[in-house]
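Residue-level listing of the chains:
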Amino acid sequence: CWFKGSVTNTANHKDHRGTGGLIGTIYDGSHANIKGCLNSGIVDVTAYKYNQKTEKEPNITPIAGGIVGWVKTDKSSVVVKDCLSTEAVKVDAVVTGGHGAVIGYSENVNKTEVSATYSTVTPLAGSKIKGKIYQMSEADITGYKGYQWTVLDFKNYWAVVEDATPIVKPFASK
């Protein structure tokens, strides 16, 4: 899977605050297993209410992630493996509930597992997670270096692209 476009959330309700490139919110008791996915798109969240003087006031605490926005409640879980995020998450709010290039926020560290996942932008995650997201510069994973310097699964998911970061295989031209 590859998120390459843009998603914008002008969050105006507490239940609409999870925004993600691939998954916005994983709700009560839901589970997701995300493997071999790329985020090179823009996740943009604005969360304000305006008073009568048109001054910005906190409305809600938005949560946004390049791959997954919000893992909501202890009953939900997510596994993110062998993924790459190359675009920053933009949050315009007085208060943020958490945002990150891979995961915005998880309510249960032990049910949010991440492995063999990389990002060229920060912050990596808006909350604690189980596992690790590796930070690398775009130059360090461009072209053949992505194959050399990461543990991304090039056999099953990824393709080397000259002068670009790795992309998921179904989108690679031969």
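What comes next is a walk through the structure. (Residues numbered from 1 in each chain as written. Predicted model: local features only at pLDDT ≥ 70, side-chain atom pairs only at ≥ 80, totals over all residues. Heavy atoms only, no water.)

Along the backbone of the protein chain there are one helix and 19 strands. When each of the 174 residues of the protein chain is scored for burial, the buried share is 44%. A separation threshold of at least 6 residues defines the contact pool for the protein chain, and within that pool the share at least 24 residues apart is 64%. Accessible area of the protein chain: about 8900 Å², with a carbon and sulfur share of 49%. (Helix = DSSP H or I, 4+ residues; strand = E, 2+ residues; numbered from the N terminus. Buried < 20%, exposed > 50% of the residue type's maximum accessible area, 1.4 Å probe, protein only. Contact = heavy atoms within 4.5 Å. Areas by Shrake-Rupley, 256 points an atom, 1.4 Å probe, with all protein chains shown as cover.)

This part takes up the state of the cysteines. All told, the structure shown has one disulfide when counted by the stated rule. Here C1 pairs with C37 through a disulfide, and the sulfurs are 1.8 Å apart. The sign of the 105 degrees torsion about the S-S bond sets the C1-C37 disulfide as right-handed. With C1 in the segment before strand 1 (2-3) and C37 in the loop between strand 5 (31-35) and strand 6 (38-39), this pair connects stretches of sequence that are 36 residues apart. By relative accessible area, which is 3% here, C37 ends up buried. (Disulfide = S-S within 2.5 Å.)

Turning our attention to the sheet that holds strand 14 (residues 98-100). Strand order in the open sheet formed by three strands is 3-9-14, and the pairing between neighbours is parallel. One side of each edge strand has no neighbouring strand; the edge strands of this open sheet are strand 3 (18-20) and strand 14. Along the sheet, successive strands turn relative to each other by an average axial angle of 10 degrees, direction set aside. (Pairing = 2+ DSSP bridges. Axes fitted to C-alpha atoms, helices over the stretch in contact; angles between N-to-C directions.)

Our next topic: the packing of aromatic side chains. In this structure the tally under the stated criterion is four aromatic pairs. Ring geometry for Y144 and Y147: centres 5.3 Å apart, planes at 35 degrees, overall tilted. Linking Y144 with Y147, this pair stays in helix 1 (residues 144-149), spanning three residues, or about one helical turn. Plain terms: the ring middles of Y147 and F154 are 5.3 Å apart, the flat faces sit at 70 degrees to each other, and that makes the pair edge-to-face. By way of ring pairs, the aromatic residues Y144, Y147 and F154 are connected into one cluster. (Phe/Tyr/Trp six-rings, centres within 6.5 Å; stacked < 30°, edge-to-face > 60°.)

It is a general feature of regular strands that their side chains alternate between the two faces of the sheet. In terms of burial, strand 16 (residues 112-119) is largely enclosed, as six of its eight residues are buried. Two elements, strand 11 (residues 77-81) and strand 16, share four bridges in a ladder whose sense is parallel. Bridge pairing in strand 16 links V78 to T112. Strand direction decides the pairing type here: strand 12 (residues 84-85) and strand 16, joined by two bridges, are parallel. The residue of strand 16 that forms the bridge with L84 is Y118. Note that strand 16 and strand 17 (residues 130-135) share five bridges and pair parallel.

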